[in-house]
Amino acid sequence: MKTGRSALCGVGAAMAMALALSGCAAFNYTAPDSPVAQATASIAEPRPRVALVLGSGGPRGYAHIGVIKVLEDAGVHVDLVVGSSVGSLLGAFWAAGYSAAELDAAASSGGPLTLFDLSLFADRGWIRGQRLQDYVNDRLGHASLEQLPRRLIVATTRRADKQPVFFERGNVGVAVRASSAVAGIISPVGVQGIEYEDADESLPVAVRAARQAGAQFVIAVDVSARAGKAPPGTSAALLERDARRRSRIDPETRLADFVIHPDMAYAASPRASYFVQARQAGEAAAVQLLPEMLREMERVGVR
C-alpha cells in the first residue's frame, strides 16, 4: 500500500493532470530567456575594479544589507556582484539599482516567508519557488541578468553532480530561484532539462566567479555561523553539516582580498526581529573593518 507523498503522486491516471497542475510535476523552464549556465564566469570588459560576493545563509543573509549600507555610505563603488542563495536575491535587487535603505524597507515589509508558496504537491520539497521567481521578476521589471545596471553573477549547483555553475544571462527570477532551491525544502529548478539547486551545496561564497570575471579587488561576505558558535548539545548531524559547509567556504574566502564575517548567534530565525539583528550585525562588522579595507583598497590602487 502506498503512503504519504508517493500516494499523492501515484493515485492513478484520473488524478495525474490535477496533480501536475498543483505542482507535483517537476518544474522545467524552457522559455527563450532561460538562464544560461556556465562552468566558469566570463571575463568582464571593462575589467571590474571592485567585486562584492554575497554568501548563502537564509535569514542570516540580511546581514548583507548592513554591509551594503556601509559600503554605500563610504562611497565604495562596486562594479560586480556575485550572489549565492539569499545573496543572489539581495544581490539582484542591488544590481538593479535598489539602495541598502530600499532593500531594508522591502525586507521589513514581510520577509522571506511571504515569498514561500507552500504546497503538499511541491516536487521534492514543500515550497515550490514560483512565488519567489515572480516576486523578483515583477519588481525588477522583467529585466534579464545582462540588462541590470550593475553586473550580476548568480551561483547555483547542478543537481546531478553537485558542481557549481554560474548564470550571467537570462531570466533573473529563474536564476535566483535556482540558486535558492534548498534541497528537500524548495523544489529543484529545471532549466532546459537540467536541474539546479541551492548554491550552498557547492559554493556558499563564490569568490572564484569574481576572480574569473577579472575583478581587481574582491570583498567577500560570509554570513555562516562562526566556528565554535554551536551551543552545547548541538547534534552531531548539525556539526557535520557545518563542517561540510566550512570546507566549501574556506577555500573561496582565501581567494578574496577582504572578508567580512559578521558575528551572529548560531541559531537563525525567520522572525522579523532576527532580520533586524542580522542587518545590524552586518553593519557593525563592516563599520569595524572599513578603515582597514579602505587602506587595502588604496594600496592596490582601486580607490
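Everything discussed here concerns the structure shown above.
Residues numbered from 1 in each chain as written. Predicted model: local features only at pLDDT ≥ 70, side-chain atom pairs only at ≥ 80, totals over all residues. Heavy atoms only, no water.

Engineer: Sorry if this is basic, but what is going on with the environment of Thr157 here?
Structural biologist: Considering the arrangement of structural elements, one finds Thr157 in strand β5 (residues 151–158). As for Thr157 and Arg169, which are separated by twelve residues in sequence, their C-alpha atoms are 16 Å apart. Ignoring anything within four residues of it in the chain, the contact list for Thr157 reads Lys162, Gln163, Glu195, Tyr196, Glu197, Asp198, Ala199, Glu201 and Ser202. (Helix = DSSP H or I, 4+ residues; strand = E, 2+ residues; numbered from the N terminus. Contact = heavy atoms within 4.5 Å.)

Engineer: Can you walk me through unusual backbone geometry in this structure?
Structural biologist: A negative phi holds for most residues other than glycine; trans holds for most peptide bonds. The omega torsion of the bond from Glu45 to Pro46 falls at 0 degrees, within 30 degrees of zero and hence cis. Note that Pro46 resides in the loop between β2 (37–38) and β3 (50–54). Although it is not a glycine, Lys162 adopts a positive phi angle of roughly 60 degrees. Here Lys162 is to be found in the loop between β5 and β6 (163–167).

Engineer: Just checking my understanding: could you explain the packing of aromatic side chains for this structure?
Structural biologist: The description of an aromatic ring pair uses the distance of the two centres, along with the angle that the planes make with each other. Throughout the structure, instances matching the rule amount to five aromatic pairs. A centroid spacing of 5.7 Å and a plane angle of 45 degrees characterise the contact between Phe93 and Tyr135, whose relative ring orientation is tilted. With Phe93 in helix α4 (residues 86–95) and Tyr135 in helix α6 (residues 130–139), this residue pair connects regions lying 42 residues apart in the sequence. Accessibility assignment for this pair places Phe93 and Tyr135 in one class, buried. Every member of this aromatic cluster is reached through a ring pair, and the members are Phe93, Tyr98 and Tyr135. Across from the ring centre of Trp94, 4.0 Å away, lies the NZ or CZ of Arg150, which sits over that ring. Residue placement shows Arg177 over the ring face of Phe27; its charged tip is 3.8 Å from the ring centre. (Phe/Tyr/Trp six-rings, centres within 6.5 Å; stacked < 30°, edge-to-face > 60°. Buried < 20%, exposed > 50% of the residue type's maximum accessible area, 1.4 Å probe, protein only. Lys NZ or Arg CZ within 6 Å of the ring centre and 35° of its normal.)

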